[in-house]
Amino acid sequence: MNDDLVTYYDDRASEYEKIYLKSERQEDLQEATRILQDLFNQKAVFEIACGTGYWTERIAETASSIYATDINESVLSIAKNKRYKNKVTFGLADIYKLESGKKYDNLFAGFIWSHILLQDLDLFIDKIKDLVENDGTIVIMDNNYVEGSNHAISKTDERGNTYQTRKLDSGASHLVLKNFSTREFIIDKLSRIGVEISYIKLEYFW
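Draft legend 1. Spatial organisation of the packing of aromatic side chains. Counting across every chain of the model gives 13 aromatic pairs. Look at Trp-113 and Trp-206: their rings are 5.8 Å apart centre to centre, the planes differ by 85 degrees, and that puts the pair in the edge-to-face class. Taken as a pair, Trp-113 in the loop between strand 4 (104-110) and helix 5 (121-130) and Trp-206 in the segment after helix 6 (183-190) lie far apart in primary sequence, 93 residues in all. Both residues of the pair, Trp-113 and Trp-206, count as buried. Stacked on the ring of Tyr-54, the Lys or Arg Arg-58 has its end atom at 3.6 Å from the ring centre. It is Lys-155 that lies over the ring of Tyr-163; its NZ or CZ is 5.2 Å from the centre.

Draft legend 2. Structural detail: helix 2 (residues 26-39). In this model helix 2 runs 20 Å from its N-terminal to its C-terminal C-alpha over 14 residues, within 8% of the 20 Å that 1.5 Å per residue would give. Every buried residue of helix 2 is accounted for by Asp-28, Leu-29, Ala-32, Thr-33, Ile-35 and Leu-36. Down the axis, helix 2 shows its buried residues gathered within 165 degrees of arc, on one side only. Exposed residues pointing more than 90 degrees away from the buried face of helix 2 are listed as Glu-27, Gln-30 and Asp-38. In the core, the buried residues of helix 2 are packed alongside helix 3 (54-59), strand 4 and strand 5 (132-141).

Conventions used here
- Residues numbered from 1 in each chain as written.
- Predicted model: local features only at pLDDT ≥ 70, side-chain atom pairs only at ≥ 80, totals over all residues.
- Heavy atoms only, no water.
- Phe/Tyr/Trp six-rings, centres within 6.5 Å; stacked < 30°, edge-to-face > 60°.
- Helix = DSSP H or I, 4+ residues; strand = E, 2+ residues; numbered from the N terminus.
- Buried < 20%, exposed > 50% of the residue type's maximum accessible area, 1.4 Å probe, protein only.
- Lys NZ or Arg CZ within 6 Å of the ring centre and 35° of its normal.
- Expected span 1.5 Å × (residues − 1).
- Arc of directions from axis to C-beta.
- Contact = heavy atoms within 4.5 Å.

This is how it looks when you write it as structure tokens:
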């Protein structure tokens, strides 16, 4: 993750979970929770970009254990103060610097795909592949673009990457990389590493 995004999420840590209060997204949030709890039921999970632990908390309802990591200490400090039903441990980590010798059976990557530059996605995909056993499971979750619910796109660069201008409660403004992917694009990219690919599309999330 680039330095601008790290700074943005550091600044946003205390207000991050306000995004989950949007009334129009509640049905999708409940369905996504059900899907993740079913997928990770009684499984040990390695989570990257765990943020403030919103999804960690929900997955921990059924997972046997979670090792949750993030690059930002500010969001981890919030996640560490939550109470979890099952075992959750935390690590401060940059996915690109993790040792590929350690492999996991299940990996969850929530809302990081859209923050990867299009030209860097193959590198990201190869990295998560290296962290998972050959017969392991990778679950990726991110946003669909829904006009009126998402921030408008304020910039598109020469490589096709899109950006949103986001303002925080503090008044600070950040230009944030946020790419919205189609089903065809996602499946094409993941076919490089996946044997069985299942795409689930909700209204606000995939």
